[in-house]
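Geometric and topological summary
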Amino acid sequence: MKTHTLLMPLDMHLHLRDGAMLETVGPLTSYTFSGAVVMPNLVPPVTEKEELLAYRQRVLTACGQSRYDVEFDDLMEEEGLGGDFEPFMTLFYQNYDREFLDDIKEEIIGIKLYPAGITTNSEGGVKSFDLDAMRPTLQAMSDLEIPLLVHGETNGFVMDREAEFMNVYELLAKNFPKLKIIMEHITTKAAVEMLERYENLYATITIHHLLITLDDVAGGMLQPHLFCKPIAKRPEDREALLKVALDAHPKVMFGSDSAPHPQHAKESCGCAAGVFTAPIALQLLCELFDRHGKLENLQAFVSDNAQSIYAICPEFKEVTLVNTPFKVPEKYGNVVPMYAGKTIGWSIEGVE
Ligand code: NCD
Ligand code: ZN
Ligand code: ZN
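Residues numbered from 1 in each chain as written. Chains lettered and ligands numbered in written order. Predicted model: local features only at pLDDT ≥ 70, side-chain atom pairs only at ≥ 80, totals over all residues. Heavy atoms only, no water.

**Some points on the coordination of the zinc ion (ligand 3)**
As a reminder of what qualifies: Coordination partners: N, O, S within 2.8 Å of the metal, 3.2 Å for Na, K and Ca; water not considered, so apparent gaps in a site are possible. Here the metal geometry follows the donor angles, with tetrahedral for four donors whose angles all fall between 85 and 135 degrees, square planar for four and octahedral for six when opposite donors are more than 155 degrees apart and every other angle is between 65 and 115, and irregular for all the rest. Comment: elements are numbered from the N terminus, with helices defined as DSSP H or I runs of at least four residues and strands as E runs of at least two.
In the first shell of the zinc ion (ligand 3), the protein supplies His13 (NE2), His15 (NE2) and Asp257 (OD), at 2.0 Å from the metal. Considering all four donor atoms around the zinc ion (ligand 3), angles at the metal cover 94 to 137° and the coordination shape is irregular. One chain supplies every donor to the zinc ion (ligand 3), and in sequence these donors are spaced H-x1-H-x241-D. Metal-to-metal, the separation of the zinc ion (ligand 3) and the zinc ion (ligand 2) is 3.7 Å. One end of the pair, His15, is in the loop between β2 (10–14) and α1 (19–30); the other, Asp257, is in the loop between β9 (252–254) and α12 (263–266), with 242 residues separating them in the sequence.

**Brief notes about the pattern of salt bridges**
This is how the line gets drawn: One speaks of a salt bridge when a side-chain nitrogen belonging to Lys or Arg is within 4 Å of a carboxyl oxygen belonging to Asp or Glu. Three exposure classes are used, based on accessible area relative to the maximum for each residue type with a 1.4 Å probe and protein chains only: buried under 20%, partly exposed in between, and exposed over 50%.
Going through the model one piece at a time under the given rule, you end up with 10 salt bridges. Among the salt bridges present, the one from Arg98 reaches Asp143, with a minimum N-O distance of 2.8 Å. In this pair, Arg98 sits in helix α4 (residues 98–104) while Asp143 sits in helix α5 (residues 131–144), placing the two residues 45 residues apart along the sequence. With a relative accessible area of 42%, Asp143 lands in the partly exposed category. A salt bridge links Lys294 to Asp247; its shortest N-O distance comes to 3.1 Å. With Lys294 in the loop between α13 (281–291) and α14 (298–310) and Asp247 in the loop between α11 (235–246) and β9, this pair connects stretches of sequence that are 47 residues apart. A relative accessible area of 26% means that Lys294 is categorised as partly exposed. One network of salt bridges, in which partners are shared, links Lys243, Asp247 and Lys294.

**Details of the site of ligand 1**
Here is the rule: We call a residue near a given molecule or strand whenever any one of its heavy atoms falls within 4 Å of it. We call two N or O atoms a polar contact when they sit within 3.5 Å, provided that within protein one can donate a hydrogen and the other can accept it, with sequence-adjacent residues counted only if both atoms are side-chain atoms. Areas reported here follow the Shrake-Rupley algorithm with a probe of radius 1.4 Å; residue values treat only the protein chains shown as occluding.
In the vicinity of ligand 1 lie 15 residues, with Arg17, Asn41, Thr119, Lys229 and Asp257 positioned nearest. For ligand 1, an oxygen atom lies 2.7 Å from a polar atom in the side chain of Arg17. A distance of 3.1 Å separates an oxygen atom of ligand 1 from a polar backbone atom of Ala273. Taken by itself ligand 1 offers 320 Å² of open surface, and the protein chains cover 100% of this.

**Description of the sheet that holds strand β1 (residues 3–7)**
Heads up, the rule is: Note on pairing: DSSP must find at least two bridges between two strands before they are called paired. Fitted lines through C-alpha atoms serve as axes, helices being fitted only where they are in contact, and the angles separating the N-to-C directions of these axes extend from 0 to 180 degrees.
With respect to topology, three strands assemble into an open sheet ordered β1-β10-β13, the strand pairing being antiparallel. The open sheet has two free edges, formed respectively by β1 and β13 (347–351), since each of these has just one partner strand. Direction aside, the axes of adjacent strands within the sheet are offset by 30° on average. Pairing geometry for strand β10 (residues 318–322) and β13, over four bridges, is antiparallel. Residue pairing in the sheet places Val319 in a bridge with Val351 of β13.

**Description of the confidence of the model for the protein**
Quick reminder of the rule: In predicted models, pLDDT denotes the confidence assigned by the predictor to each residue on a 0 to 100 scale. Note on contacts: a residue pair qualifies if any of its non-hydrogen atoms lie within 4.5 Å across the two residues.
Confidence in the prediction for the protein averages 95 pLDDT; 95% of positions are at 70 or higher. In the model, residues 66–70 has pLDDT below 50 throughout and makes 14 contacts with residues more than four positions away in sequence or in other chains.

**What to know about the sheet that holds strand β6 (residues 148–150)**
Ordered by their spatial adjacency, eight strands build an open sheet running β2-β3-β4-β5-β6-β7-β8-β9, and the pairing between neighbours is parallel. For this open sheet the edge positions go to β2 and β9, each flanked by a neighbour on one side alone. The sheet shows a mean angle of 25° between the axes of neighbouring strands, direction not considered. With three bridges connecting them, strand β4 (residues 86–92) and strand β5 (residues 110–113) associate as parallel partners. Its bridge partner being in β5, Thr90 is matched across the sheet by Gly110. In the packing of helix α2 (residues 49–63) onto the sheet, contacts are made with β3 (35–38) and β4, and the angle to β4 comes to roughly 150°.

**Focus on the nonpolar core**
Threshold: Grouping buried Ala, Val, Leu, Ile, Met, Phe, Trp, Tyr and Cys residues that are joined through side-chain atoms within 4.5 Å yields what is termed a nonpolar core.
Membership of the largest hydrophobic core comes to 101 residues, with the highest contact counts inside it found for Leu138, Leu285 and Phe301. In contact with Leu138, other than residues within four places in its own chain, are Tyr93, Leu131, Leu148, Leu172, Phe176 and Leu179.

**What about the coordination of the zinc ion (ligand 2)?**
Taken together, the protein ligands of the zinc ion (ligand 2) are His151 (ND1) and His185 (NE2), with distances of 2.0 to 2.1 Å. Relative to the metal, the four donor atoms surrounding the zinc ion (ligand 2) lie at angles of 54 to 147°, and the coordination shape comes out irregular.

**A closer look at the environment of Thr187**
Tracing the backbone through its elements, the reader meets Thr187 in the loop between β7 (181–183) and α8 (189–197). Distance in space between the C-alpha atoms of Thr187 and Glu107 is 29 Å, their sequence separation being 80 residues. With sequence-adjacent residues up to four places away left out, Thr187 is seen in contact with Glu162, His209, Pro230, Ile231, Lys233, Asp237 and Leu241. In this structure the side chain of Thr187 is engaged in a polar contact, spanning 2.9 Å, whose partner is the side chain of Lys233.

**Focus on α14**
Rule in force here: Expected helix span is taken as 1.5 Å per residue step, with the number of steps being one fewer than the number of residues. The reported bend at a residue is simply the angle between two axes, fitted to the 7 residues ending at it and to the 7 residues beginning with it.
With 13 residues, α14 extends 18 Å from end C-alpha to end C-alpha; this agrees with the ideal 18 Å at 1.5 Å per step. Within α14, the axis deviates most sharply at Asp304, by approximately 40°. Extensive coverage of α14 is indicated by the burial of 11 of its 13 residues. Buried within α14 we find Leu298, Gln299, Ala300, Phe301, Val302, Ser303, Asn305, Ala306, Gln307, Ile309 and Tyr310. Phi turns positive one or two residues past the end of α14, at Ala311, with a value near 50°.

**Comments concerning the pairing of β2**
Quick reminder of the rule: Place the viewer so that the strands point away; then a crossover is right-handed whenever the path from the first strand over the helix to the second strand goes clockwise.
Burial runs high along β2: five of the five residues are buried. Taken together, the three bridges between β2 and β3 define a ladder with parallel strand orientation. Looking across to β3, one finds that Leu10 is bridged to Gly35. Read from β2 through α1 to β3, the crossover connection turns out right-handed.

Structure, rendered in structure tokens:
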């Protein structure tokens, strides 16, 4: 039997939603993570300070309680939930003025930019990358040291969307060399290569994009619970992602992009995009890094890199994992997780 301990795991890209869904999924993250970057794509999106603070409070409240009955819960209740989890809040990108940004900067870790209509709840996003229109906001963010988090996809052919977006990343990186830009949930070799080209570009990588390709989503029977944006790509893309993740390249961080949708919204004609991985992410990461003989690099990938990139100091948490099998529950509330019903090689042994 082998164990592995992680200190202060961080999920640098997470969807917690709101209301009953937040109550279901919040504790699943706060159990094992010290903190998470909370995405602002609610309906309507988070664009005002008051809303942001109120949402933060709802997140904190939800993360201190547990309200569903799966086996995993008992474990969480024994451990005691909440209290040592920090939600790092984000604002939905719009053109904001400097005064507003100056006032809100202490409350946020960054601002998340979505191209309009490209993913779940992004209708209010940016319609065209008109640098002149965006310059005052981006310059103010740069001056105030507010990172820009980006869902980087064009509205081109679905497999090419991320690669086509590299021009936009270059434009942003060149024009705002002091602005920290995080390429969220990268899925391609093209995006990995960008990391070396611009000092101010960083990236988050999900666990599902390290494990699956488009073949797993659509190569056999269609797998709605593996469908997400950006769609999983080719084996060579996954290889490129794996390389930087397993080496814990200092510019990459773990961000689950765990994106819960109710079962009926996934298993339907018109499947919502998003893979729910929050409760199994650390177990899968341990299994993957162990399989490649790289467990010693996991700490940097799930916490240390993010601490340096964002200059954050997370709440203390020590999570011990063990290589005994864990059967993934069929559902958490009304959400079906990735690998539901399957057995994975590592489980959570305890949290302190
Ligand atoms: C996310 C969601 O459901 O909010 N979906 C997804 O497929 N990744 C949105 C996003 O991160 O793009
Ligand atoms: Zn996204
Ligand atoms: Zn996301």
